[in-house]
Amino acid sequence: MVDTPLYVAFVAAAFVLCVTPGPDMMFVVAMGGRGGPTTGVMAALGVAFGAMVHAVAAALGLSALFTSLPTLYDTLRWVGAAYLFYLAITAFRDRSDLGGDAAAAAGGPGPGRLRTFRQGAITNMLNPKVILFNVAFLPQFVNPSLGHTGWQLAILGLTLVFVGLTVDTSIGLLSGRLASLLRSSRRVARGLNVFSGTVFAGLAVRLATTSD
């Protein structure tokens, strides 16, 4: 159903794209820094879920709406930026010394696992740049002569999700484990929350100020 040489080239390109630091990776690093390894993994799973929604939308042709409706694109962009600013404020105001993993067990504050998953999914789904990326990138590896264009796009999109999940999960684990080791210091714990808030604020500014 897919062109094998094109698919191999796509997997290689997808891996290079996924290991290149970007908004999703920075989000996972920030969440792992706030909550520990499990929180980092849940953030990666949430991002992957959002990416899967985008992949399905691209396969169905829904993503193309954003290229013809600039108002819809801008609306989603501003909503996404506002949500990231909300996450930034939450991180800045977090005074907990426990990471999300320990806090969840103790019933204390910190980013819960399901909440982290939801935040990752929403952050990804509210980023219209991901939508336009799928519209521009995936069709380059589709062979129209094989037919079933929608299925080819779906396979490519899900492959991109899997590659991204593999990379982001590893990043989430590493950042979370490092953060868990450092959080024994109250000052370092506070610094990690400030770092996370700064990352979220930076992503929000980037999304709000870049129109294409």
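Residues numbered from 1 in each chain as written. Predicted model: local features only at pLDDT ≥ 70, side-chain atom pairs only at ≥ 80, totals over all residues. Heavy atoms only, no water.

Colleague: I'm lost on the packing of aromatic side chains in this one. Help?
Modeller: Each aromatic ring pair is characterised by the separation of its centres together with the angle its planes make. Tallied over the entire structure, the rule returns seven aromatic pairs. Ring geometry for Y83 versus Y86: centroids 6.1 Å apart, planes at 35 degrees, classification tilted. In this pair, Y83 and Y86 are both assigned in helix 5 (residues 70–93), three residues apart and thus about one turn of the helix distant. According to the relative accessible area criterion, Y83 is buried, its value standing at 18%. On the numbers, 4.9 Å between centres and 20 degrees between planes, the contact of F133 with F137 is stacked. Placement of both F133 and F137 in helix 8 (residues 128–137) is noted, with a separation of four residues, approximately one turn of the helix. Here the aromatic cluster, defined as three or more aromatic residues joined through ring pairs, consists of F10, F133, F137 and F141. (Phe/Tyr/Trp six-rings, centres within 6.5 Å; stacked < 30°, edge-to-face > 60°. Helix = DSSP H or I, 4+ residues; strand = E, 2+ residues; numbered from the N terminus. Buried < 20%, exposed > 50% of the residue type's maximum accessible area, 1.4 Å probe, protein only.)

Colleague: So what exactly am I meant to see when it comes to the confidence of the model for the protein chain here?
Modeller: Regions with low pLDDT should not have their predicted coordinates read in detail. Residue-level pLDDT values for the protein chain average 84, and 89% of them are 70 or greater. In the model, residues 102–110 has pLDDT below 50 throughout and makes ten contacts with residues more than four positions away in sequence or in other chains. (pLDDT = per-residue confidence, 0-100. Contact = heavy atoms within 4.5 Å.)

Colleague: So what exactly am I meant to see when it comes to empty space enclosed by the protein here?
Modeller: The probe, sized like a water molecule, is rolled over the atoms to show the empty space still left. Tallied over the entire structure, the rule returns one cavity of 30 Å³ or more. Lining the largest cavity we find P23, D24, G80, L84, T123, L126, N127, K129, L203, R206 and L207. Among the elements of the structure, helix 2 (23–35), helix 5 and helix 10 (186–209) are those that each provide at least two residues to the lining of the largest cavity. Top contributing element to the lining of the largest cavity by residue count: helix 10, with three residues. In terms of residue class, the lining of the largest cavity is built from five nonpolar, three polar and three charged. (1 Å grid on protein atoms, 1.4 Å probe; cavity = no way out; pocket = protein on both sides within 12 Å on 5 of 7 lines; lining within 4 Å. Points joined across faces, edges and corners; volume = space filled by probe spheres on them. Nonpolar A, V, L, I, M, F, W, Y, C, P; charged D, E, K, R; others polar.)

Colleague: Even after reading the chapter, I still don't get the nonpolar core, so can you show me in this structure?
Modeller: When a protein is soluble and globular, its nonpolar side chains tend to lie buried together. F27, L84, L87 and F200 are the most contacted members of the largest nonpolar core, which totals 25 residues. Going through the elements one at a time, helix 2, helix 3 (37–60), helix 5 and helix 10 are the ones with two or more residues in this core. The biggest single contributor to this core is helix 5, with eight residues. Excluding its chain neighbours within four sequence positions, the residues that come into contact with L87 are F27, Q119, T123 and F200. F10, L138, L156 and V167 belong to the second largest nonpolar core, which has 16 residues in total. (Core = buried A, V, L, I, M, F, W, Y, C linked by side-chain atoms within 4.5 Å.)

Colleague: I would appreciate a short explanation of helix 7 (residues 113–125) in the present structure.
Modeller: The periodicity of an α-helix, 3.6 residues per turn, causes residues three or four places apart in sequence to face the same way. The first and last C-alpha atoms of helix 7 sit 18 Å apart over 13 residues, in line with the 18 Å expected at 1.5 Å per residue. Taken together, the buried positions of helix 7 are occupied by T116, Q119, G120, A121, T123 and N124. Lining the buried residues of helix 7 we find helix 2, helix 3, helix 5 and helix 8. (Expected span 1.5 Å × (residues − 1).)

Colleague: How should a nonpolar patch on the surface be read in this particular structure?
Modeller: A cluster of nonpolar side chains, F49, M52, V53, V56, L60, L62, L65, L69, L72 and L158, forms an exposed patch at the surface whose accessible area comes to about 840 Å². Here the nonpolar patch gets five residues from one element, more than from any other, and that element is helix 3. Structurally, M52 can be placed in helix 3. (Patch = residues over 30% accessible without salt bridge, like charges linked within 9 Å, V, L, I, M, F, W, Y side chains within 5 Å. Areas by Shrake-Rupley, 256 points an atom, 1.4 Å probe, with all protein chains shown as cover. Salt bridge = Lys/Arg side-chain N within 4 Å of Asp/Glu carboxyl O.)

Colleague: Any chance you could explain the layout of surface pockets here in plain terms?
Modeller: Quantified by volume, the largest pocket comes out at close to 700 Å³. Around the largest pocket sit 28 residues that line it, and L17, P23, D24, V130 and F133 are the ones nearest its centre. Listing elements by their share of the lining of the largest pocket, those giving two or more residues are helix 1 (4–19), helix 2, helix 3, helix 8 and helix 9 (149–182). Of the residues belonging to the lining of the largest pocket, the class tally is 16 nonpolar, eight polar and four charged.

Colleague: Would you mind going over the side chain of D168 with me for this structure?
Modeller: Tracing the sequence through the fold places D168 in helix 9. Within the buried set, D168 has no salt-bridge partner at all; the shortest N-O distance to an opposite charge, 13 Å, is to R206. D168 has contacts with D24, M25, V28, A44 and V47, leaving out every residue within four places of it along the chain. (Lys, Arg positive; Asp, Glu negative; His and termini not counted.)

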